[in-house]
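Spelled out, the chains give:
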Amino acid sequence: MIAPFANLFGYILNFIYNIVNNYGLAIIIFSILIKIILLPLSIKQQKTMKKNTKIQNKLKEIQFKYKNDPENLNRATMELYKTENMSPFSGCLSGIVQIILLFAVFYLVRSPLTYMKKVDANIINKYTKIIKENDLSTDSAYPEIEVIRELDNIKKLKENNTENIEENTENSENNEEDNNSEKTDLAEINDEELNSLDINMNFLGLNLAQIPTRSGDWKAFIIPVLYVLVSVISLRITNPTPKKKDGEEKNSEDEFDPMAQMNKNMNLMFPVMYLAVALIAPLGLALYWLMNSLLMIIERLALNKMLKDEEE
């Protein structure tokens, strides 16, 4: 289900990459373009959230009143939504789109040779095998990123193989048993295939094919750290902690409010989860997440102002 979307996004990302010739810049432009395309849905979602905010007090009263009576709680809740001309599932479409987008982009950035460059799977498998056979890398979680990252070392293998080809030919009669092994012949490496695998991953001094926890370069941690910081800000804006009025004390209704408690837990847990994932993901993926969080903040602030002006 997700692969067709990843394939479609791959055409878009590759089109942008062919113009700018830089993977990092292409991801940034791609992120902005996707936000623009989804802007009508974001506006609708924001309006729905504002409506939900307005009926929260009524929902709290219902939840507190029927906290031990699930049947009447559901009935009263549905009646409230009907009175307010709202649907409890009004935000589902946006949520589904966001989930599809999340996984589609993950597929795309995890496997850019398949979805962006449209390289044949046999070619990718061939060079993945060469990497393993020659101990160029031990990372198998992102094989296509591994191929892109080790492309220069593969080229060196090809050069060394060319230099030694005469010597290997002279000794071939004495090494017939070795020739029967399943190891890939380095002579199979060709320039056309190497060019099809090449993606410019250098972005502001960073190699976007790096994985922070497997890199010895401290700069590889810059994007994940920035991503977590921006994500915390985004969560604060998206799920703000309600402020109490002066002199207002905590009451039993507040204690029962499951939504407020869930938002609080999310604000605590999500940054930790974000950091854990960003540290084991290629920097290209972390860069997309960082841009998406930044754009979400800008979008949310702009829509809040726009909808506030409309109300006035």
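Numbering of residues begins from 1 in every chain and follows the order in which that chain's sequence is written. Predicted model: local features are reported for residues with pLDDT of at least 70 only, side-chain atom pairs are reported and counted for 80 or more only, and whole-chain, interface and lining totals are derived from all residues. Excluded from the side-chain calculation are hydrogens and water; included are all heavy atoms of the structure.

Below, the discussion takes up the packing of aromatic side chains. Any two aromatic rings considered together are summarised by their centre-to-centre distance and by the angle between their planes. Pairs were defined over the aromatic rings of Phe, Tyr and Trp, the Trp ring being its six-membered one, requiring ring centres within 6.5 Å. Orientation was assigned from the angle between planes: stacked under 30 degrees, edge-to-face over 60, tilted for the rest. Within this structure, the stated rule accounts for four aromatic pairs. Plain terms: the ring middles of phenylalanine 9 and phenylalanine 30 are 5.9 Å apart, the flat faces sit at 75 degrees to each other, and that makes the pair edge-to-face. You can see phenylalanine 9 sitting in helix α1 (residues 2-20) and its partner phenylalanine 30 sitting in helix α2 (residues 23-37), a full 21 residues away along the chain. Three labels apply to residues, based on accessible area from a 1.4 Å probe with only protein chains included: buried if under 20% of the type maximum, exposed if over 50%, partly exposed otherwise in between. Looking at phenylalanine 30, the relative accessible area reads 2%, which means it is buried. For the pair phenylalanine 30 and tyrosine 288, a centre-to-centre distance of 6.3 Å together with 50 degrees between the ring planes defines the contact as tilted. Of this pair, phenylalanine 30 sits in helix α2 while tyrosine 288 sits in helix α17 (residues 283-311), and the two are 258 residues apart along the sequence. In terms of burial, phenylalanine 30 and tyrosine 288 fall into one category: buried. Grouped by ring-pair contacts, the aromatic residues Phe9, Phe30 and Tyr288 constitute a single cluster. A run of DSSP states H or I qualifies as a helix once it reaches four residues; a run of E qualifies as a strand once it reaches two. Both are numbered from the N-terminal end.

pLDDT is defined as a per-residue confidence score from the predictor, taking values between 0 and 100. Residue-level pLDDT values for the chain average 78, and 77% of them are 70 or greater. Summarising per-element confidence for the chain, the mean pLDDT is lowest in helix α12 (residues 176-179) (46) and highest in helix α7 (residues 112-115) (93). This stretch, residues 173-181, has a pLDDT under 50; its non-local contacts, to residues over four places away or in other chains, come to one contact. Whether two residues are in contact is decided by their heavy atoms, any of which lying within 4.5 Å being enough. Residue range residues 245-256 is modelled with pLDDT below 50. Its contacts to residues more than four positions away, or to other chains, number twelve contacts.

The topology assignment puts glutamine 210 in the loop between β2 (206-207) and α14 (222-238). With residues near it in sequence (within four places) discarded, glutamine 210 still touches Ser215, Asp217, Ala220, Ala281, Pro282 and Leu283.

Next up on the list: the pattern of salt bridges. Any carboxyl oxygen of Asp or Glu within 4 Å of a side-chain nitrogen of Lys or Arg constitutes a salt bridge here. Across all of its chains, the model carries four salt bridges by this definition. Across the salt bridge formed by glutamate 193 and lysine 126, the nearest N and O atoms sit 2.8 Å from each other. You can see glutamate 193 sitting in helix α13 (residues 191-197) and its partner lysine 126 sitting in helix α8 (residues 121-133), a full 67 residues away along the chain. In this structure, glutamate 193 and lysine 126 share a single accessibility class: buried. Between arginine 149 and glutamate 150 there is a salt bridge; the shortest N-O distance is 3.7 Å.

Below, the discussion takes up the packing of α1 against α2. Here an axis means a line fitted to C-alpha atoms, over the contact stretch when the element is a helix, while the angle between two N-to-C directions is reported on a 0 to 180 degree scale. It is the contact of α1 with α2, at a shortest axis distance of 9 Å, that shows an interaxial angle of 130 degrees. Judged on the interaxial angle alone, α2 and α1 are oblique. The element α1 and its partner α2 pack so that their crossing is right-handed. Contacts from Phe9, Ile12, Leu13, Ile16, Tyr17 and Val20 in α1 reach Tyr23, Leu25, Ala26, Ile27, Ile29, Phe30, Leu33 and Ile34 in α2. Looking at the contact of α1 with α2, its residues break down into 14 nonpolar, no polar and no charged. An angle counts as roughly parallel when it lies under 35 degrees, as roughly antiparallel when it exceeds 145, as roughly perpendicular when it falls between 65 and 115, and as oblique in every other case. Helix crossings get a hand from a simple test, with the near helix turned counterclockwise from the far one by less than a right angle marking a left-handed crossing and a clockwise turn marking a right-handed one. All amino acids are sorted into three groups, where Ala, Val, Leu, Ile, Met, Phe, Trp, Tyr, Cys and Pro are nonpolar, Asp, Glu, Lys and Arg are charged, and the leftover types, Gly among them, are polar.

Here a cavity means grid points, on a 1 Å grid over the protein atoms only, where a 1.4 Å probe fits yet cannot get out; a pocket means an open set of points with protein on both sides within 12 Å along at least five of seven lines; lining residues are those with an atom within 4 Å of a point. Grid points are joined across faces, edges and corners, and a volume is the space filled by probe spheres set on the points. In the structure shown here, the tally under the stated rule is one cavity of 30 Å³ or more. Roughly 40 Å³ of internal volume is contained in the largest cavity. Every residue lining the largest cavity is listed: Ile34, Lys35, Leu38, Ser42, Gln98, Leu101 and Asn292. Of all elements in the fold, only α2 and α6 (92-110) reach the threshold of two or more residues within the lining of the largest cavity. For the lining of the largest cavity, the residue count by class is three nonpolar, three polar and one charged.

An ideal rise of 1.5 Å per residue puts 27 Å on 19 residues; α1 measures up with 27 Å between its terminal C-alpha atoms. If you check which residues of α1 are buried, you get Ile2, Ala6, Phe9, Gly10, Leu13, Asn14, Ile16 and Tyr17. For α1, the buried positions fall inside an angular range of 165 degrees around the axis, keeping them on one side. Pointing more than 90 degrees away from the buried face of α1 are the exposed residues Pro4, Tyr11, Phe15, Asn18 and Ile19. What a helix should span is 1.5 Å times the count of its residues minus one. To be clear, the arc concerns the directions from the helix axis to the C-beta atoms.

What makes a patch is a set of residues exposed beyond 30% relative accessible area and free of salt bridges, joined within 9 Å when like-charged and within 5 Å when nonpolar (Val, Leu, Ile, Met, Phe, Trp, Tyr). Accessibility throughout is a Shrake-Rupley quantity obtained with a 1.4 Å probe, and a residue counts as covered only by protein chains that appear here. A cluster of nonpolar side chains, contributed by Trp218, Phe221, Ile222, Val225, Leu226 and Leu229, occupies part of the molecular surface with about 580 Å² of accessible area. Residue placement: tryptophan 218 occurs in the loop between β2 and α14.

Within this scheme, the nonpolar core is defined by two criteria: the residues are buried Ala, Val, Leu, Ile, Met, Phe, Trp, Tyr or Cys, and they are joined through side-chain atoms within 4.5 Å. Membership of the largest hydrophobic core comes to 62 residues, with the highest contact counts inside it found for Tyr23 and Phe30. The residues contacting tyrosine 23, other than those within four sequence positions of it, are Leu13, Tyr17, Val109, Pro112, Met116, Ile199, Asn200, Met201, Leu208 and Gly284. Within the second largest apolar cluster, eight residues are counted, among which are Ile55, Leu59, Tyr66 and Leu73.

This paragraph deals with α2. With 15 residues, α2 extends 21 Å between its outermost C-alpha atoms, agreeing within 8% with the 21 Å of an ideal straight helix rising 1.5 Å per residue. If you check which residues of α2 are buried, you get Tyr23, Gly24, Ala26, Ile27, Ile28, Phe30, Ser31, Ile34 and Lys35. The N-cap residue of α2 is asparagine 22: its side-chain oxygen and the backbone nitrogen of glycine 24 are 3.0 Å apart. Here a polar contact means two N or O atoms within 3.5 Å. Within protein one must be a hydrogen donor candidate and the other an acceptor candidate, and residues neighboring in sequence count only if both atoms are side-chain atoms.

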